Every structure is written in structure tokens, then in C-alpha cells.
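# Close look at the chain arrangement
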Amino acid sequence: MLQAMQTIHRRSKGLLEFVENYRRLTRIPAPIRTQISNLRNLFTDLKKLFPEEEFQFEVPSPELKLNVDRTQIEQILINLLKNAQ
């Protein structure tokens, strides 16, 4: 009986550690917003990652400025393009 209880306890601890590690991996950091005034650079970088002809990038108006976390917005766009493939 004692061995069974110790095994259950050990497995419970292992599962709790697994859940905590998974939770840490899935936590999205708070955005660090900066103004992106040259969207051409963002789209140029995406075109380098996705040179396929199926994707055509059109740079929006030069006056358009975004107040975003560039790393996070770039990752979102990469995910969308991968899903589109």
C-alpha cells in the first residue's frame, strides 16, 4: 500500500511539473509597442521568408504607421502565411 501511495505521489508531482512547464511555454509576453513607420521593411523581411510566387506583398500607404510590438506582429503574419500555404 505504501509503495502504491508513493508511486501515485511521484506521478502527481511529475504531472504538476509538466503542466507548469507547459504553462510557461504558452505564456505570451506583454507587447513592447513601438511605432513602425516604414512598413516596407516589415514586408521585405516577410518576402525573404516566403519567396514563393503564391504570396504577393503590397506595401500599404507610406503614411500608415503602426504602434505594435514588431516581433509579435511579425510572428502573427508568419503564422498566417504558414497556415495559408
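Conventions adopted
Residues numbered from 1 in each chain as written. Predicted model: local features only at pLDDT ≥ 70, side-chain atom pairs only at ≥ 80, totals over all residues. Heavy atoms only, no water. Helix = DSSP H or I, 4+ residues; strand = E, 2+ residues; numbered from the N terminus. Buried < 20%, exposed > 50% of the residue type's maximum accessible area, 1.4 Å probe, protein only. Lys, Arg positive; Asp, Glu negative; His and termini not counted. Salt bridge = Lys/Arg side-chain N within 4 Å of Asp/Glu carboxyl O. Polar contact = N/O pair within 3.5 Å; in protein donor to acceptor, adjacent residues only side chain to side chain. Contact = heavy atoms within 4.5 Å. Arc of directions from axis to C-beta.

One can find aspartate 69 in the loop between β2 (66–68) and α3 (70–84). Although buried, aspartate 69 forms no salt bridge, and the nearest oppositely charged side chain, arginine 33, lies 7.6 Å from it. In terms of polar contacts, aspartate 69 uses its side chain to reach the backbone amide nitrogen of isoleucine 32, at 2.7 Å. Once you skip the residues sitting within four places of it in the chain, aspartate 69 turns out to touch Ala30, Pro31, Ile32 and Arg33.

Below, the discussion takes up helix α2 (residues 39–49). Residues of α2 that are buried: Leu39, Leu42, Phe43 and Leu46. Across the axial projection of α2, the buried residues extend over an arc of 90 degrees, all falling on one side. Along α2, exposed side chains directed more than 90 degrees from the buried face belong to Arg40 and Lys48. Against β1 (34–36), β2 and α3 lie the buried residues of α2. Where α2 begins, the side chain of asparagine 38 points an oxygen toward the backbone nitrogen of arginine 40, at a separation of 3.1 Å.

The next subject is the environment of lysine 65. For lysine 65, the location among the structural elements is in the loop between α2 and β2. Taking C-alpha positions, lysine 65 is 54 Å from arginine 10, a pair spaced 55 residues apart along the chain. Leaving out residues up to four positions away in the same chain, lysine 65 has contacts with Gln35, Ile36 and Ser37.

It is worth stressing that arrangement in space is one thing and function is another; only the former is reported here.
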